[in-house]
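Examination of the molecular architecture
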Amino acid sequence: MEPEVVEAELVLPSYLSFKKVQMYEKYPKGQSRGRHWKHLKQIIQAENYQNYPPEEPNYVNIESPPSMHPCKKICDITGFEAPYYDPRTNLRYANTEVFKIIRSLPNEYVQRYLALRNAQVVLK
């Protein structure tokens, strides 16, 4: 064989696509390794919010119009979605086990649960 061909066969590329890239090769010393998240204060300082119209929602003006979808009803005891409510106590519940618990609650506890939801009712 010719000497040029023998030398060419021994030359390997510096990076093989099937090899795992080592971390020190991927990120040399002093270079960041991951995504840097900006804090709200940094975003506000970087953006010029004075030029935006006041009715457009942004980080400074987070108020937005009310949702067009009805709000989800949440179980007062478990926090799961509640398709049912007890007509005697007006508490919402998710399943029959919670319903049994609701029916066994004293009136004071029922009033406390309703107060958490801002739906206080004076039961007589």
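No experiment lies behind these values; they were computed from the predicted model shown.

A few words on the overall build of the protein. If you tally the helices and strands in the protein, you get five helices and two strands. Mapped in sequence order, the helices and strands of the protein form the string α-α-α-β-β-α-α. When each of the 124 residues of the protein is scored for burial, the buried share is 12%. Carbon and sulfur atoms make up 56% of the accessible area of the protein, which totals about 11700 Å².

The subject of this paragraph is the nonpolar core. Within the largest apolar cluster, nine residues are counted, these being Cys75, Ala82, Leu91, Tyr93, Ala94, Val98, Ile102, Val110 and Leu114. Elements that contribute at least two residues to this core include exactly α4 (96–104) and α5 (107–116).

On to the UniProt feature "domain: Vps72/YL1 C-terminal" (unreviewed entry) in the protein. Within this structure's numbering, the places UniProt gives as "domain: Vps72/YL1 C-terminal" (unreviewed entry) are residues 73–102. What you have in residues 73–102 is 23% helix and 13% strand, and the ends, taken at the C-alpha atoms, are 16 Å apart.

What follows concerns the environment of Tyr93. Mapped onto the secondary structure, Tyr93 falls in strand β2 (residues 92–93). Residues Tyr93 and Thr78 lie 15 residues apart in sequence; the distance between their C-alpha atoms is 7.8 Å. Discounting chain neighbours no more than four positions away, the residues touching Tyr93 are Cys75, Ala82, Pro83, Tyr84, Tyr85, Asp86, Val98, Phe99 and Ile102.

Within the structure shown, the criterion is met by two aromatic pairs. Note on Tyr93 and Phe99: the rings are 4.9 Å apart at their centroids and 40° apart in plane angle, and the pair reads as tilted. Residue class for Tyr93 comes out buried when judged on its relative accessible area of 13%. For Phe99, a relative accessible area of 25% corresponds to the partly exposed category. By way of ring pairs, the aromatic residues Tyr84, Tyr93 and Phe99 are connected into one cluster.

This part takes up the pattern of salt bridges. Scanning the entire structure with this criterion turns up two salt bridges. Put simply, Asp76 and Arg117 hold a salt bridge, and the shortest N to O gap is 3.5 Å. Of this pair, Asp76 sits in the loop between α3 (40–46) and β1 (84–85) while Arg117 sits in the segment after α5, and the two are 41 residues apart along the sequence. Judged by relative accessible area, Asp76 falls into the buried class, the value being 16%. Where Arg103 meets Asp86, a salt bridge forms, and the shortest distance between an N and an O atom there is 2.7 Å. Of the two residues, Arg103 is situated in helix α4 and Asp86 in the loop between β1 and β2; the sequence distance between them amounts to 17 residues.

What counts and how
- Residues numbered from 1 in each chain as written.
- Predicted model: local features only at pLDDT ≥ 70, side-chain atom pairs only at ≥ 80, totals over all residues.
- Heavy atoms only, no water.
- Helix = DSSP H or I, 4+ residues; strand = E, 2+ residues; numbered from the N terminus.
- Buried < 20%, exposed > 50% of the residue type's maximum accessible area, 1.4 Å probe, protein only.
- Areas by Shrake-Rupley, 256 points an atom, 1.4 Å probe, with all protein chains shown as cover.
- Core = buried A, V, L, I, M, F, W, Y, C linked by side-chain atoms within 4.5 Å.
- UniProt positions renumbered as here; feature names shortened; annotations may be inferred.
- Contact = heavy atoms within 4.5 Å.
- Phe/Tyr/Trp six-rings, centres within 6.5 Å; stacked < 30°, edge-to-face > 60°.
- Salt bridge = Lys/Arg side-chain N within 4 Å of Asp/Glu carboxyl O.

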